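Here's the letter readout for the chains.
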Amino acid sequence: MTRERDPFRIPRAGVEVAPLAGVASLDLGLTGSGGGGKFVGESTLGAMVIYGVYQALLTALRCEAMVRRGEISRRDQATLVVRSVWSAMQQGAAVGLVLGMVLLVFPWLSLPMTLAGLVGAGKASLDLFHAFWDGLDATQRAELHDAAYRAGMNLGRLVQRAGEALPEG
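**Q** Explain the packing of aromatic side chains to me, please; I cannot follow it from the model alone.
**A** Per the stated rule, a full pass over the model turns up 2 aromatic pairs. Arranged with centres 6.2 Å apart and planes meeting at 70°, the rings of Phe106 and Trp108 form a pair that is edge-to-face. Under the relative-accessibility criterion, Phe106 is labelled partly exposed at 40%. Look at Trp108 and you get exposed, because its relative accessible area is 59%.

This is the structure:
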């Protein structure tokens, strides 16, 4: 897995959340038999929420580093978050609609899609951690390294960049 290190590039929600978004659905509370249309609608809405929340976190965490460096304002950060979430929710709607129809026709695919969603959630978690890490200053990073070292963990493999020296703890 490659890591995007450009501090000015906002990461986009991608295929890592598609399987999870495909099996997520929000119960609309509609009574009666909605049949396939209700299922596809709930799947689409669930995918929009998954994509939107993930994109909001990615964008807000990545922009935090820029705000702390004074490169953008909080207002600019909020604008970037709203725009990226809107775009991601549109993508999520398309993915949810397609995967909802696929699951309607082939319901047995929900198990493999759930397992793929777990793998994708792992990658998404790493992306969120990296976005969080990039928003920290050197002092905060050193404090986290020390705390992790005292807890018996090594953050080096997760966060080491080429040429960056890590504290020994």
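**Q** Any chance you could explain the side chain of Ser43 here in plain terms?
**A** Inspection of the secondary structure puts Ser43 in helix α2 (residues 35-68). Not counting the four nearest positions on each side in its chain, Ser43 is found in contact with Ala21, Gly22, Ala24, Ser25, Gly96 and Gly100.

**Q** Looking at this model, I keep getting lost on the pattern of salt bridges. Mind explaining?
**A** Opposite charge on two side chains lets them pair, provided their charged atoms get close. Across all of its chains, the model carries 5 salt bridges by this definition. Note that Arg68 is salt-bridged to Glu64, the shortest N-O span being 3.3 Å. Residue Arg68 and its partner Glu64 are located together in helix α2, separated by 4 residues, close to a single helical turn. Overall, the relative accessible area of 17% leaves Glu64 in the buried class. Between Arg69 and Glu71 there is a salt bridge, with its nearest N and O atoms 3.1 Å apart. Residue Arg69 is classed as partly exposed on the basis of its relative accessible area, which comes to 42%. It is possible to trace a salt-bridge network through shared partners that takes in Glu64, Arg68 and Arg74.

**Q** How do you make sense of the environment of Ala88 when you look at a structure like this?
**A** Position of Ala88 among the secondary structure elements: in helix α3 (residues 74-105). Residue class for Ala88 comes out buried when judged on its relative accessible area of 0%. A sequence separation of 33 residues divides Ala88 from Gln55, and the C-alpha atoms of the two residues are 6.5 Å apart.

Criteria and cut-off values
- Residues numbered from 1 in each chain as written.
- Predicted model: local features only at pLDDT ≥ 70, side-chain atom pairs only at ≥ 80, totals over all residues.
- Heavy atoms only, no water.
- Phe/Tyr/Trp six-rings, centres within 6.5 Å; stacked < 30°, edge-to-face > 60°.
- Buried < 20%, exposed > 50% of the residue type's maximum accessible area, 1.4 Å probe, protein only.
- Helix = DSSP H or I, 4+ residues; strand = E, 2+ residues; numbered from the N terminus.
- Contact = heavy atoms within 4.5 Å.
- Salt bridge = Lys/Arg side-chain N within 4 Å of Asp/Glu carboxyl O.

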